Amino acid sequence: MKISLEWLAEWVESGFDARELGHRLTMAGFELESITPAAPPFVGVIVAEILEATRHPQAEKLQICKVALGSDAAAQFAPLQIVCGAANARAGLRTALAQVGAVLPGGLNIKAAKLRGVESAGMLCSAKELGLAETSDGIIEFPADAPVGLAVRDYLKLDDEVLELAITPNRGDAMSVRGIAREVAALTGAAFNSVDCAAVADTLNDPAMAARARAVLAAAAACPRFHGRVIVDVDNTRASPVWLRERLRRAGLRSISPVVDITNYIVLGLGQPMHAYDLDKIEGQVCVRLAQAGEICDLLDGRSVDLTPDVLVIADARGPVAMAGVMGGARTAVSAATRRVLFEVAWFAPAAIAGRGRRYGLTTDASQRFERGVDPQVGAKAIECASALLLQIAGGKAGPTVTTEVPTSLPEQAKVMLRVAQAERLLGVNLSVTEITGLLTRLGMSVTDTGASAATLEVLPPAHRFDIAIEHDLIEEVARLIGYERIPTAPARVAQRIVPQPSERLEEQRLLDVLAARGYYEGVHFAFVDPALQETLFPGVAAHRLANPIASDLAIMRLSLWPGLIKAALENQRRQQTRVRLFERGVVFPVGESETDRIAAISMGTRWPEQWGGGREAGEFHDLRADLEALLSLSGDSGAFTFVPAVHSALHPGRSAQVLRAGQPVGWIGELHPRLARELGFVKVPTLFELDIVRALAVGYAPYVEVSRFPQVRRDLAFVVDENVGFDAIRGCVTKAASSLLKQLLLFDVYRGPGIESERKSIALGLILQGKDRTLTDEDTDRVIAAVRASLGEGLGAQFRE
């Protein structure tokens, strides 16, 4: 939120410059995001009055203006001649004059000039030329009482500075100049000047108009109070005064019309959203109710929304005219032709507004405030201030303020008990009852000492503080006011307890280190992903959908770590990265199951980084499998893992496998399905794996095995098997037949080609044998090899090559 220091000074004099005030607000929980000047630098521009404006003899669109620089007699008899092209230049207008020698924003130097043969001693300026607006229709217009000769910077107070503050979601009461002024007064001890508005008298004297301002509260729990007022004979074609336009501009809003500008001004100043309707477009009496099924509301931004029955609306006899607390409707919007205005100032319960606007992609100034909670007591003041301003700016006659309310549905602040000892314990500072009472009183709270032996205070928060509900809230307020920087840092006095680490749980850093050592980079992605991408990878699998996603492509909770890794790989590909190695450790959220810790990786591109010695062959399935096996080895139980060919919707049907540990599935590995690779735009098809960390990497510590003192024996076997026979099946047959004498099994050759039947392959194994209690003889070795040959022949149909 943007706060003008000049506007803030009307409410409280802090005595600090912008930077110091911003620092103090930051330490109080309102982070300072920026400090900007109210206007760009310029010099030599004064308020001047056009005495005469005549047509230029040589140019139809130019005027020759006689301009007075002051109100004294000498100035009146020595006016300057200025050639001006603005259509609104006219006698009697007071405007901004850049004198010869002036410097305008952007470094423009004003010099005497001759335009179409006529001397011009300066320039009459538009708001755009002074950096006060993005567009301008003519020269800037000042009120008739603007002091001629005064510097424009002084007249408009342009040496002002604007603080941009980040307001936390629980502090809706601070989303206004009034709210920040309250905070500044509490922080500094300065006096808070309540800027009050006198009640506007009923000059209309028309009971029918008073009746039109009354509302029917059909949903009293959501809207227990509604202030309405009718003002007629309004001239909405007038321009808002320059001071009002300036305050809106410094807050980041543009001037539209007097009626709209005033409602915006009240929101910014008092924090009370309000709305103005063209009374002639309202049919019958206004009603605050819940939407009916099938109703549609055409909003001011041009959108039409289908309303659901939990959306609160303002309606007339014809249907909804506004989405309550969010945005007004187009049908009853005010325009330049509006002559009769209905002001609405209502109090809406936060629960009735929260999330309704975001459901339709709407976040407005009104919804942000109502969701957080608006002071239920400020509405009457807001409508009086708005009425007074409209009568002053656009004229008209005001009817009475008509208040419709259901008192039993209005919020009531509950008292909160605060133990001084608890505040001291949590903050680590010594505090007295008097000190705490003074601090909370500065925040507008009513504090009573209960007189208990253990000092306890009974605190009643003001109506605007919806965030004060428990004792810890009050302690936080005390901490903010004494200053977080004043709270000492002290070593913890509680005994430190080391939480036992189960021996089967693998240290996370070891997982990350293994993959990082093998050339992978860690990625961290959102736990919510693109619904379209996840549906492509896991068609038909249910997922948790977010009620209020931050973006349409981050709308559901992830079922796997693959969607994030795939998007990251595509982003790297778009940036001409030819070799990508990424991994992520994170949590996934399957429907109907508990959250699961996973680790996943994606590999794409060449097997090795580019270098002069070659190595530019593409990486493939077995390269990623080697990386995965290095990870699995951390479990201390490598022999328990098998890779079984299986089909996965996201993986290549012939190049994918399910990872099993002791026969139980713990993960997947494979090449991305070629169809998906084409649809997603991959130039090189990536390979991926994903593991359930708990099930796959639980550490199994091997029992002690005595190291044999006897020599090893190696025998090689070569045989032919069917193409679909996997190495896990071969290893199972060999291990079963060789029993405890098998020390190591090596696969050192796979051959397909001439001499081998199609659909078959030649396998070459190296068997390392070793006895534990004696040296193996040739007979012992031959018996083992014969058993292995028999097992392979019977179990897998192997044919041995001699």
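You'll find the structure just up there.
Residues numbered from 1 in each chain as written. Predicted model: local features only at pLDDT ≥ 70, side-chain atom pairs only at ≥ 80, totals over all residues. Heavy atoms only, no water.

Draft legend 1. Geometry of the overall build of the protein chain. Check the secondary structure of the protein chain and you find 23 helices and 39 strands. What you see for the protein chain is a C-alpha radius of gyration of 39 Å, clearly larger than the 28 Å of a compact globule of 802 residues, by over 25%. C-alpha extents for the protein chain along the principal axes are approximately 130 × 85 × 60 Å. Within the protein chain, the proportion of its 802 residues that are buried is 48%. (Helix = DSSP H or I, 4+ residues; strand = E, 2+ residues; numbered from the N terminus. Rg over C-alpha atoms; globule rule 2.2 N^0.38 Å. Buried < 20%, exposed > 50% of the residue type's maximum accessible area, 1.4 Å probe, protein only.)

Draft legend 2. A look at the sheet that holds strand E31 (residues 596–604). Sheet architecture is open: 7 strands sit in the order E27-E30-E31-E35-E34-E33-E32, paired in mixed fashion. The two strands at the open ends of the sheet, each matched to only one other strand, are strand E27 (521–522) and strand E32 (641–645). The pairing of E31 with strand E35 (residues 687–692) spans 6 bridges and is classified as antiparallel. Within E35, the position partnered with isoleucine 599 by the bridge is leucine 691. Each of E27, strand E30 (580–588), E31 and E35 touches helix H16 (residues 508–517); the most contacted strand, E30, lies at about 160° to it. (Pairing = 2+ DSSP bridges. Contact = heavy atoms within 4.5 Å. Axes fitted to C-alpha atoms, helices over the stretch in contact; angles between N-to-C directions.)

Draft legend 3. The arrangement of the pattern of salt bridges in detail. All told, the structure shown has 58 salt bridges when counted by the stated rule. When the shortest N-O distance is used, the salt bridge between arginine 480 and glutamate 183 registers 3.0 Å. One end of the pair, arginine 480, is in helix H15 (residues 471–482); the other, glutamate 183, is in helix H5 (residues 177–188), with 297 residues separating them in the sequence. No difference in accessibility class separates arginine 480 from glutamate 183, as the two residues are buried. (Salt bridge = Lys/Arg side-chain N within 4 Å of Asp/Glu carboxyl O.)

Draft legend 4. How the structure looks around the environment of glutamate 33. Following the sequence through the fold, glutamate 33 ends up in strand E2 (residues 31–37). Aside from chain neighbours lying at most four places away, what touches glutamate 33 is Glu164 and Ala166.

Draft legend 5. How the structure looks around the sheet that holds strand E24 (residues 416–419). Judged by pairing direction, the sheet is antiparallel, and its 3 strands sit side by side in the order E24-E26-E25 without closing on themselves. Strand pairing shows two members of the sheet lacking a second neighbour, E24 and strand E25 (446–449), which therefore form its edges. Neighbouring strand axes in the sheet, compared pairwise and without regard to direction, differ in orientation by 30° on average. Where E25 lies against strand E26 (residues 456–460), 4 bridges are found, and the strand directions are antiparallel. Across the sheet, threonine 448 pairs through a bridge with glutamate 458, a residue of E26. Set on the sheet, H15 makes contact with E24 and E26; between it and E24 the angle comes to about 60°.

Draft legend 6. Focus on the pairing of E30. Of all the 9 residues making up E30, 7 are buried; the element is thus mostly covered by neighbouring parts of the structure. Examined bridge by bridge, E27 and E30 share 2 bridges and lie parallel to one another. Its bridge partner being in E30, tyrosine 521 is matched across the sheet by leucine 582. In this sheet, E31 lies alongside E30 in antiparallel orientation, the contact comprising 9 bridges.

Draft legend 7. Structural detail: unusual backbone geometry. Phi is positive for arginine 116, which is not a glycine, with a value near 55°. Inspection of the secondary structure puts arginine 116 in the loop between strand E8 (113–115) and strand E9 (118–120).

Draft legend 8. Structural context of the state of the cysteines. Throughout the structure, instances matching the rule amount to 1 disulfide. Cysteine 84 supplies the cysteine sulfur nearest to cysteine 125, a cysteine that is in no disulfide, at a spacing of 9.4 Å. (Disulfide = S-S within 2.5 Å.)

Draft legend 9. Quick look at the side chain of arginine 171. One can find arginine 171 in the loop between strand E11 (161–166) and H5. On the accessibility criterion, arginine 171 (4% relative accessible area) is buried. Setting aside anything within four residues of it in sequence, one finds arginine 171 in contact with Phe30, Glu183, Arg465, Asp467, Glu477 and Arg480.

Draft legend 10. Main features of the packing of aromatic side chains. On inspection of all chains with the given rule, the structure shows 9 aromatic pairs. An angle of 55° between the planes, with centres 5.5 Å apart, marks the rings of phenylalanine 719 and phenylalanine 800 as tilted. Of the two residues, phenylalanine 719 sits in strand E36 (residues 713–722) while phenylalanine 800 sits in strand E39 (residues 799–800), which places them 81 residues apart along the sequence. Connected via pairs of aromatic rings, a cluster forms that spans Trp7, Trp243 and Tyr265. The ring of phenylalanine 643 is capped by arginine 625, whose NZ or CZ atom sits 4.0 Å from the centre of that ring. The ring of phenylalanine 800 is capped by arginine 789, whose NZ or CZ atom sits 4.4 Å from the centre of that ring. (Phe/Tyr/Trp six-rings, centres within 6.5 Å; stacked < 30°, edge-to-face > 60°. Lys NZ or Arg CZ within 6 Å of the ring centre and 35° of its normal.)

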